[in-house]
Amino acid sequence: MVSTVNDAASGSKVEKHAFSDRVTIRTILTRPDGGVGLAGQRVRVGGWVKTGREQGKGSFAFLEVNDGSCPANLQVIVDASVADLGQLVPTGTCVSVEGLLKNPPEGTKQKIELRVEKVIDVGTVDPAKYPIPKTKLTLEFLRDRIHFRPRTNTISAVARIRNALAYATHTFFQENGFLYIHTPIITTSDCEGAGEMFQVTTLISEAEKIEKDLIKNPPPTEADVEAAKLVVKEKGEAVAKLKSEKASKEAISASVAELTKAKENLAKVEERSKLKPGIPQKDGKIDYLQDFFARQAFLTVSGQLQVETYACAVSNVYTFGPTFRAENSHTSRHLAEFWMVEPEIAFADLKDTYNSVLDESYTPNDSFWASIAVMGSILFLRIWGFKDKLPFVSSFWLLDKCLDDMEFMAKNYDKSCIDRLRMVASTAFERISYTEAVDLLLEAVKEGKKFENNVEWGIDLASEHERYLTEVKFQKPVIVYNYPKGIKAFYMRVNDDLKTVAAMDVLVPKVGELIGGSQREERYDVIKSRIEEMGLPLEPYEWYLDLRRFGTVKHCGFGLGFERMILFATGIDNIRDVIPFPRYPGRADL
Ligand SMILES: NC(=O)C[C@H](N)C(=O)O
């Protein structure tokens with residue numbers, strides 16, 4: 001039995017995994033001594049062979065085994081007397097083995113290796129057929145083998161970083177008194193009013209079912225219905241006759257039973273005779289009353305509107321979940337399904353004093369800065385003047401939790417990713433109004449900078465504009481605020497100039513827009529006319545208007561694109577590679 005074993009010499013022990021009889025490779029290799037102090041201990045490990053080779057004329061084999069608990073592989077040595085080596089060496093083979101940890105001979109790169117005494121289980125691989133046989137494969141190639149890509153160094157590192165950032169997000173909000181609200185995935189309101197929603201309906205599958213059924217069992221004809229009606233009539237008359245003849249109770253109830261059966265049959269025949277192929281229509285339009293929810297429903301584009309109902313009741317809330325946009329975007333920064341962190345705070349407004357709040361030379365050095373989700377919150381707190389509530393801890397969350405993965409990213413994808421995290425943590429963010437941003441872009445154009453998209457006041461900034469501001473002009477995160485109301489959503493608070501809204505976007509190097517937020521319009525009359533002005537129907541937003549009719553409160557919130565934060569942290573170029581199962585036009589594998 002392999003369990004925790006004490007090493008008397010060093011006092012160190014290797015921890016057994018809580019839910020299996022193995023130890024994770026992480027517990028061996030990520031110790032400060034690299035595992036040296038564990039020599040002599042007996043352990044069981046399980047994992048997948050990254051590379052394997054037979055040595056010494058087939059007398060033993062070296063296997064590099066990885067179990068996903070850390071980026072590093074454990075070197076495993078198996079003698080030919082212990083197992084069939086040919087079965088163990090192909091890349092992708094799964095092995096569960098038991099043996100003794102040993103210090104390898106001087107001069108080798110490993111600090112500790114496992115000498116196998118017993119092979120417990122093998123999940124074999126036919127190398128000629130294994131879809132990801134080589135170790136260096138492009139990320140594009142891996143997108144076509146989505147079920148195997150977690151076995152690669154990059155995708156497993158991304159998974160660990162993603163996990164750490166999700167943990168950081170919840171930790172930050174939990175430690176700062178926010179309630180996590182599970183907003184619905186299926187919704188009947190279009191938060192952004194942009195009509196980019198995926199519809200949720202059973203009308204199509206129901207119609208297909210009916211069509212198939214009607215082919216198999218053709219619907220009853222009018223004559224069938226008449227015949228069934230006739231049977232009911234006859235059975236009814238039979239009952240009446242028996243009753244008038246004062247027949248026995250038994251005879252009457254038998255006859256009533258037959259009548260009931262005939263009536264049931266008629267109901268069925270009538271029901272089936274109404275079945276029509278195709279989507280149900282009424283007055284020339286699709287009849288959503290017959291849909292699953294008896295109305296049109298969609299996948300959410302944002303949890304904001306619903307989370308506002310909780311902000312307007314329990315004050316500090318956040319939601320963190322998947323959101324969906326049916327936007328035909330083929331860029332490296334858009335997904336049809338992505339995760340968003342959305343805090344919402346009541347009793348908060350865009351303070352006139354925020355200048356002074358931001359100008360304070362606060363140099364944060366806390367773990368939460370490493371999670372950019374949290375960076376957003378800190379920004380939020382800074383912008384809205386809650387600076388005294390900033391958390392203070394001594395190290396970077398991501399560098400604390402996943403230093404080895406971050407080093408892997410720095411080595412293979414983006415040399416500057418770790419420095420970028422540090423920079424964001426220690427630099428005061430630039431803060432400019434939209435009008436100033438447009439002026440700066442126009443200035444750049446004058447000086448010869450070429451943009452594909454025309455620059456003028458009133459445009460929605462394109463990603464090339466955003467990246468110019470954050471990467472070239474300021475070379476640090478930039479908060480752009482007070483956007484023209486014409487390009488922003490109906491719920492944003494109209495500023496006194498009546499031309500702009502109290503919105504802010506946070507632009508960061510590498511990704512451009514990371515966060516979009518705003519103060520919400522709390523004035524009933526203003527928001528009602530904004531909805532109308534934008535040509536949106538009032539009826540679906542009546543409940544939202546109620547929040548302003550009854551006990552309205554100033555409140556603010558933002559949405560942070562979780563995958564964009566991972567792009568920012570890792571330096572990976574394409575957003576499709578930082579979500580486990582990317583969905584984009586033309587693709588929804590698994
Ligand atoms: N919660 C937010 O402010 C995010 C916003 N609803 C968006 O989707 O951009």
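From a predicted model like this one, the values you see are computed outputs, not experimental measurements. (Residues numbered from 1 in each chain as written. Predicted model: local features only at pLDDT ≥ 70, side-chain atom pairs only at ≥ 80, totals over all residues. Heavy atoms only, no water.)

Draft legend 1. Examining the overall build of the chain more closely. Along the chain, the regular secondary structure elements total 18 helices and 20 strands. Expressed as a percentage of contacts within the chain between residues at least 6 apart in sequence, the contacts between residues at least 24 apart total 69%. Only carbon and sulfur atoms are counted for the fraction: they give 53% of the accessible area of the chain, which is about 29,200 Å². (Helix = DSSP H or I, 4+ residues; strand = E, 2+ residues; numbered from the N terminus. Contact = heavy atoms within 4.5 Å. Areas by Shrake-Rupley, 256 points an atom, 1.4 Å probe, with all protein chains shown as cover.)

Draft legend 2. Representation of the confidence of the model for the chain. Per-chain confidence: the chain averages 87 in pLDDT, with 89% of residues scoring 70 or above. In the model, residues 1–11 has pLDDT below 50 throughout and makes 25 contacts with residues more than four positions away in sequence or in other chains. Note on residues 350–375: pLDDT is under 50 here. Beyond four places in sequence and across chains, it has 82 contacts. (pLDDT = per-residue confidence, 0-100.)

Draft legend 3. Summary view of the packing of helix α4 (residues 153–175) against helix α18 (residues 562–570). Closest axis-to-axis distance for the α4/α18 pair is 10 Å, and the angle between their directions is 120°. On the basis of their axis angle, the class for α4 and α18 is oblique. Viewed along their axes, α4 and α18 form a crossing whose handedness is right-handed. From α4, Val-158, Ile-161, Arg-162, Leu-165, Ala-166 and Thr-169 reach across to α18, where they touch Phe-562, Glu-563, Met-565, Ile-566, Ala-569 and Thr-570. Of the residues that constitute the contact of α4 with α18, the class distribution is eight nonpolar, two polar and two charged. (Axes fitted to C-alpha atoms, helices over the stretch in contact; angles between N-to-C directions. Parallel < 35°, antiparallel > 145°, perpendicular 65-115°, else oblique. Left-handed = near helix turned anticlockwise from the far one by under 90°. Nonpolar A, V, L, I, M, F, W, Y, C, P; charged D, E, K, R; others polar.)

Draft legend 4. Examining the pattern of salt bridges more closely. A full pass over the atoms with the stated rule returns 33 salt bridges. Note that Glu-226 is salt-bridged to Lys-229, the shortest N-O span being 3.7 Å. Here Lys-229 and Glu-226 lie together in helix α6 (residues 222–244), a separation of three residues that amounts to about one turn. Glu-226 gets classed as partly exposed once you look at its relative accessible area, which sits at 47%. Residue Lys-229 is classed as partly exposed on the basis of its relative accessible area, which comes to 36%. Close ionic contact of Lys-488 with Asp-505 constitutes a salt bridge, the shortest N to O distance being 3.5 Å. With Lys-488 in the loop between β17 (478–484) and β18 (500–508) and Asp-505 in strand β18, the pair connects residues that are 17 residues apart, well separated along the chain. We note that Lys-488, like Asp-505, is buried. One connected set of salt bridges, linked through shared partners, spans Asp-21, Arg-44 and Glu-98. (Salt bridge = Lys/Arg side-chain N within 4 Å of Asp/Glu carboxyl O. Buried < 20%, exposed > 50% of the residue type's maximum accessible area, 1.4 Å probe, protein only.)

Draft legend 5. Quick look at the nonpolar core. Core analysis: the largest hydrophobic core is formed by 49 residues, its most contacted members being Leu-165, Leu-398, Met-406, Met-409 and Phe-562. Looking at this core, the element that brings in the most residues is α4, giving nine residues. For Met-406, the residues in contact, after removing those within four places along its chain, are Ile-161, Leu-398, Leu-399, Cys-417, Ile-418, Leu-421 and Ala-569. Judged by nonpolar contacts, the second largest core, of 38 residues, contains Met-197, Leu-440, Val-480 and Leu-536. (Core = buried A, V, L, I, M, F, W, Y, C linked by side-chain atoms within 4.5 Å.)

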